[in-house]
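Survey of secondary and tertiary structure
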Amino acid sequence: MYEEEIKFLKMVEDPSDENNKRDLLSEDECSSLKSKYQGLPEEYTAYLMEIGAGSAREDQYMIYSLPTLCHEDNDFSWYETKGVNYLVIGDDFAGNLYAFNIDEGYIPVLLDHECMDEFIHQGSKKSFFRKMMLIDENGVDQREP
């Protein structure tokens, strides 16, 4: 599912940089996540199995191997969920969280730490991950020099 993205990361990441090391999850580990979170998107588990959990692009973003509900984790208690079930899957190293709004069918969102707002990703779940990678629809690197 993520062949193009894997090639892209191989081109733009320094393989010797520890900030680009990720751990691939097994199919069994992802099946366990799917059992725990019914409806978990295939694009997320495929990402974990093909690209892996950890940071990417020299700490551009981090994807967690174990997602957690925002309201159940003390590390995320700063974000007022207002009763919405957010499954936090990562962060941007700047205080913002990447999550799925479970109540809206696992819509990908950014939870902003400054304005305490939910920013809904307009596009597919796969394009959500591509946006984190700073890769456009044509495979061009969008990172500013």
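Since this is a predicted model, take the numbers as computed values, not measurements. (Residues numbered from 1 in each chain as written. Predicted model: local features only at pLDDT ≥ 70, side-chain atom pairs only at ≥ 80, totals over all residues. Heavy atoms only, no water.)

**Describing the sheet that holds strand 7 (residues 118–120)**
Reading across the sheet, the 7 strands line up as 1-2-3-4-5-6-7 and stay open at both edges, with antiparallel pairing between neighbours. Here the strands that pair on one side only, and so sit at the sheet edges, are strand 1 (22–23) and strand 7. In the sheet, strand 3 (residues 61–69) pairs with strand 4 (residues 86–91) via 4 bridges, with the strands oriented antiparallel. By the bridge assignment for strand 4, Thr68 is matched with Val88. Each of strand 1, strand 2 (53–56), strand 3, strand 4 and strand 5 (97–101) is contacted by helix 3 (residues 42–50), which is oriented at about 125° to strand 3, the strand it contacts most. Along the sheet, helix 4 (residues 125–133) makes contact with strand 3, strand 4, strand 5 and strand 6 (107–111), crossing strand 5 at roughly 175°. (Pairing = 2+ DSSP bridges. Helix = DSSP H or I, 4+ residues; strand = E, 2+ residues; numbered from the N terminus. Contact = heavy atoms within 4.5 Å. Axes fitted to C-alpha atoms, helices over the stretch in contact; angles between N-to-C directions.)

**Some remarks on helix 4**
For helix 4, the complete set of buried residues consists of Phe128, Phe129, Arg130, Met132 and Met133. For helix 4, the elements touching its buried residues are helix 1 (3–12), helix 3, strand 3, strand 4, strand 5 and strand 6. Trailing helix 4 by a residue or two, Leu134 shows a phi angle of about 65°, which is positive. (Buried < 20%, exposed > 50% of the residue type's maximum accessible area, 1.4 Å probe, protein only.)

**A word on the pattern of salt bridges**
Under the definition given, this model contains 7 salt bridges. Glu13 is the salt-bridge partner of Arg22, the closest N and O atoms lying 2.9 Å from each other. Across the pair, exposure class does not vary: Arg22 and Glu13 are buried alike. Across the pair Arg57 and Asp141 runs a salt bridge whose closest N-O atoms are separated by 3.0 Å. (Salt bridge = Lys/Arg side-chain N within 4 Å of Asp/Glu carboxyl O.)

**Observations concerning the environment of Arg130**
The topology assignment puts Arg130 in helix 4. Under the relative-accessibility criterion, Arg130 is labelled buried at 10%. When the C-alpha atoms of Arg130 and Thr68 are compared, they prove to be 22 Å apart, with 62 residues separating the residues in sequence. Separated by 2.5 Å, the side chain of Arg130 and the backbone oxygen of Asp136 make a polar contact. (Polar contact = N/O pair within 3.5 Å; in protein donor to acceptor, adjacent residues only side chain to side chain.)

**Concerning the packing of aromatic side chains**
In this structure the tally under the stated criterion is 11 aromatic pairs. Between Tyr47 and Phe129, the ring centres sit 4.6 Å apart and the planes meet at 20°, which makes this aromatic pair stacked. Highlighted residues: Tyr47 in helix 3 and Phe129 in helix 4, separated in sequence by 82 residues. The same class applies to Tyr47 and to Phe129, which are both buried. Of the aromatic side chains, those joined through ring pairs into one cluster are Tyr2, Tyr44, Tyr47, Tyr98, Phe100, Tyr106, Phe128 and Phe129. For the cation-ring pair, Lys126 lies above Tyr2, with the distance from its terminal atom to the ring centre recorded as 5.4 Å. (Phe/Tyr/Trp six-rings, centres within 6.5 Å; stacked < 30°, edge-to-face > 60°. Lys NZ or Arg CZ within 6 Å of the ring centre and 35° of its normal.)

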